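# Secondary and tertiary structure notes
Here's the letter readout for the chains.
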Amino acid sequence: MMIDDSQLKALDALRAQKAQLEDKIKADEASIRDGVIAQLRRHIREFNITQQQLFGGGGSSKPSKSTSKAEAKYADKNGNKWSGGRGRVPEWVKAIRAAGGDIEQYRI
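We now turn to the structure provided with this report. (Residues numbered from 1 in each chain as written. Predicted model: local features only at pLDDT ≥ 70, side-chain atom pairs only at ≥ 80, totals over all residues. Heavy atoms only, no water.)

Turning our attention to helix α1 (residues 5–46). If you check α1, its first and last C-alpha atoms are 62 Å apart, about what 42 residues at 1.5 Å a residue would give, namely 62 Å. Just downstream of α1, N48 is the residue with a positive phi angle, here 50 degrees. (Helix = DSSP H or I, 4+ residues; strand = E, 2+ residues; numbered from the N terminus. Expected span 1.5 Å × (residues − 1).)

This is how it looks when you write it as structure tokens:
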């Protein structure tokens, strides 16, 4: 299939239109977002809404970390325990694995 100059020019024109549309979309989104923010700020002031009421928690929008430990699934003869979950693998488990042992033999 031969491509002629008119096809390339048509493609260039479409790309230019696409770029113009993308610019218009960005501008419209920014304008709408600014209006929404202004409206939200008015309502927050009008109803004296606090950050804690809006986002919950202690004023932070980040979820709080859980401090509870997972229940142990494995234990060795020295009383060392491991949940088998996230985080660092304990040295005693590494030693068992390095020696070719099966951690399942230590399941509680």
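Now that the structure has been shown, the text picks up again.
Structurally, R45 can be placed in helix α1. Owing to a relative accessible area of 58%, R45 belongs among the exposed residues under this scheme. In this structure, the C-alpha to C-alpha distance between R45 and A75, residues 30 residues apart in sequence, is 57 Å. (Buried < 20%, exposed > 50% of the residue type's maximum accessible area, 1.4 Å probe, protein only.)

This paragraph deals with the packing of aromatic side chains. One pass over the structure, following the stated rule, counts two aromatic pairs. For the ring pair W92 and Y106, a centre distance of 6.3 Å and an interplane angle of 65 degrees mean the geometry is edge-to-face. Here the residue W92 occupies a position in helix α3 (residues 91–98), and Y106 occupies one in the segment after α3, the gap between them amounting to 14 residues. Its relative accessible area of 14% is what places W92 among the buried residues. Y106 gets classed as partly exposed once you look at its relative accessible area, which sits at 28%. (Phe/Tyr/Trp six-rings, centres within 6.5 Å; stacked < 30°, edge-to-face > 60°.)

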